[in-house]
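Secondary and tertiary structure notes
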Amino acid sequence: MSFHENNPKKIFSDEWKELQIAVKDASHDYHLMTLSTSTNNKPESRTVVLRHADQENYLLCFHTDTRSPKYDQLKNNPDVSILFYSVNKRTQLRITGQASHCEDNELLESKWMGMNKNSKECYLGEIAPSEKIPNGKIINEVINKDQNTNKFLGLENFTRIDIKISSIEILRLHHLGHKRLFCNLEKNPIDYQWLAS
Ligand SMILES: Cc1cc2nc3c(=O)[nH]c(=O)nc-3n(C[C@H](O)[C@H](O)[C@H](O)COP(=O)(O)O)c2cc1C
C-alpha cells in the first residue's frame, strides 16, 4: 500500500486484501472493528472480531451470541455503521451496511467445530450477555465446562452476522495531504468519489 497510489480501484482492492489478512492475523489493526447499531434513534457501539471478508459479495462477518442485545437490535434495525482504523497504515475505513443473521446451520456447525474450548465458553455463560449478574457474583459462570460430553453445547447460542456493505469510505492520512475516497457499492460498477478531508 503506497500513499502515492491514486487509482481508486487499486486502493479499494488493496483495502479488501488488508481485511482478508486481518481475519487470520489477530495482530492486524483491522482484526477488531467497531460496530454501531441504532435503536429508537439511539446509537450504540461495541468492538467485535472480524471473522470473514468477502470482496466478491461485499460481505463482512462476525460471530455473536443470539442472546445478546445487539442480535435483537439488528433484527429490528439492520442498518449498521462499521469503523476500522489502522494506526500502522494511518488509514480509516468507514463502512455502512445491512446486517442479517446466518441461516446456514451446516456452516454454523462447522465454524463451531473449528473453535477452541475458550471461544466456545463465550457462548456458555449462565446469564445472557449484557444481563445483570446477581449480587455476590462478578463473573458469569460457564454452564457446563465439560464440553467433551456434548460437543454442540452452546451452539444454540452461536451465530454469524453478515454485513452486506453499501459504502466504504477510505481515509488515508498523510502530511502531504489526506486522501479520502468514497466508494458506493450500491452502484454497478462501483462509483468512486474523492472527498475533502
Ligand atoms: C476485543 C473485543 C472483542 C470482542 N469481540 C466480540 C465478538 O466478536 N462478538 C461479540 O458478540 N462480542 C464481542 N465483544 C464484546 C462486545 O464488544 C460487547 O461488549 C458484547 O457483545 C455485548 O454487546 P451488546 O450488549 O451490544 O450486545 C468483544 C469485546 C472486545 C473488547
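1. A look at the site of the ligand
Close to the ligand lie Leu32, Arg46, Thr47, Val48, Val49, His63, Thr64, Ser68, Pro69, Lys70 and Ser130, which account for all nearby residues. Contact between the ligand and Val49: an oxygen atom at 3.0 Å from a main-chain N or O atom of the residue. Computed on the free molecule, the ligand has an accessible area of 630 Å², of which 62% lies beneath the protein chains in the complex. Elements represented by at least two residues in the shell around the ligand include exactly strand E2 (42-49), strand E4 (59-65) and helix H2 (69-76).

2. Details of the nonpolar core
Counting residues in each nonpolar core, the largest one holds 30 residues, and the members touching the most others are Leu19, Leu60, Ile82, Phe84, Ile163 and Ile168. The set of elements that each furnish at least two residues to this core consists of helix H1 (8-24), strand E1 (32-39), E4, H2, strand E5 (79-86), strand E6 (91-101), strand E7 (158-172) and strand E8 (179-184). Apart from the residues within four sequence positions on either side, Ile163 is in contact with Leu35, Tyr58, Leu59, Leu60, Phe62, Val80, Ile82, Gly97, Gln98 and Ala99. Counting residues in hydrophobic clusters, the runner-up holds 7 residues, among them Cys102, Trp112, Met115 and Leu155.

3. Some thoughts on the layout of surface pockets
In this structure, the largest pocket spans a volume of roughly 490 Å³. Lining of the largest pocket is provided by 20 residues; of these, Val49, Arg51, His63, Thr64 and Tyr123 occupy positions nearest its centre. Here the lining of the largest pocket takes 4 residues from E4, the largest share from any one element. Of the residues in the lining of the largest pocket, the class split is 9 nonpolar, 6 polar and 5 charged.

4. So, the environment of Met33
For Met33, the position within the fold is in strand E1. By relative accessible area, which is 1% here, Met33 ends up buried. Considering only alpha carbons, one finds Met33 and Ala196, 163 residues apart in sequence, at a separation of 24 Å. Setting aside chain neighbours within four positions, we find Met33 in contact with Arg46, Thr47, Val48, Leu50, Phe62, Ile82, Leu83 and Phe84.

5. Quick notes on the pattern of salt bridges
Oppositely charged side chains can pair when the atoms bearing their charge come close. Under the definition given, this model contains 10 salt bridges. Between Glu126 and Lys137 there is a salt bridge, and its shortest N-O distance comes to 3.7 Å. With Glu126 in the loop between helix H4 (117-121) and E7 and Lys137 in the loop between H4 and E7, this residue pair connects regions lying 11 residues apart in the sequence. Residue Glu126 is classed as partly exposed on the basis of its relative accessible area of 47%. Relative accessible area serves as the criterion here: at 41%, Lys137 is assigned to the partly exposed category. By sharing partners, the salt bridges in this structure join Lys10, Asp14 and Lys17 into a single network.

6. Quick notes on the environment of Gly154
For Gly154, the position within the fold is in the loop between H4 and E7. Judged by its relative accessible area of 0%, Gly154 falls in the buried class. In this structure, the C-alpha to C-alpha distance between Gly154 and Asp65, residues 89 residues apart in sequence, is 9.3 Å. When neighbours within four sequence positions are excluded, Gly154 is seen to be in contact with Trp112, Tyr123 and Leu124.

7. Description of unusual backbone geometry
Each neighbour pair has its own omega, and for Asn188 with Pro189 the value is 5°, a cis peptide bond. Although it is not a glycine, Asn40 sits at a positive phi angle of roughly 50°. With respect to the helices, strands and loops of the structure, Asn40 is situated in the loop between E1 and E2. The backbone phi angle of Tyr58 is positive, close to 55°, even though this residue is not glycine.

Thresholds, definitions, all that
- For every chain, the first residue of the written sequence is number 1, and numbering continues from 1 along that sequence.
- Whole-chain, interface and lining totals are the exception, using all residues; otherwise, since this is a predicted model, local features are given only for residues with pLDDT of at least 70 and side-chain atom pairs are given and counted only at 80 or more.
- Side-chain figures throughout are based on the complete set of non-hydrogen atoms in the structure, without hydrogens or water.
- Each residue is tested against the molecule or strand, and it is near if at least one of its non-hydrogen atoms lies within 4 Å.
- Whenever two N or O atoms come within 3.5 Å, that pair is a polar contact, provided that in protein one can donate a hydrogen and the other can accept it, and provided that, for residues adjacent in sequence, both atoms are side-chain atoms.
- Accessibility throughout is a Shrake-Rupley quantity obtained with a 1.4 Å probe, and a residue counts as covered only by protein chains that appear here.
- Note on conventions: DSSP H or I runs of at least 4 residues are helices, E runs of at least 2 residues are strands, and numbering of each starts at the N terminus.
- Working definition of a nonpolar core: buried Ala, Val, Leu, Ile, Met, Phe, Trp, Tyr and Cys residues. They are joined through side-chain atoms within 4.5 Å.
- Summary of the burial criterion: residues with accessible area below 20% of their type's maximum are buried, those above 50% are exposed, and those between are partly exposed, where the area comes from a 1.4 Å probe applied to protein chains only.
- The contact rule is simple, with two residues in contact once any of their heavy atoms fall within 4.5 Å.
- Grid points spaced at 1 Å and placed over the protein atoms alone form the basis of the search, with a cavity being a set where a 1.4 Å probe fits but cannot get out and a pocket an open set showing protein on both sides within 12 Å along at least five of seven lines. Lining residues have an atom within 4 Å of a point.
- Grid points are joined across faces, edges and corners, and a volume is the space filled by probe spheres set on the points.
- Residue polarity follows a fixed list, in which Ala, Val, Leu, Ile, Met, Phe, Trp, Tyr, Cys and Pro are nonpolar, Asp, Glu, Lys and Arg are charged, and the others, Gly among them, are polar.
- Counted as salt bridges are all cases of a side-chain nitrogen of Lys or Arg within 4 Å of a carboxyl oxygen of Asp or Glu.

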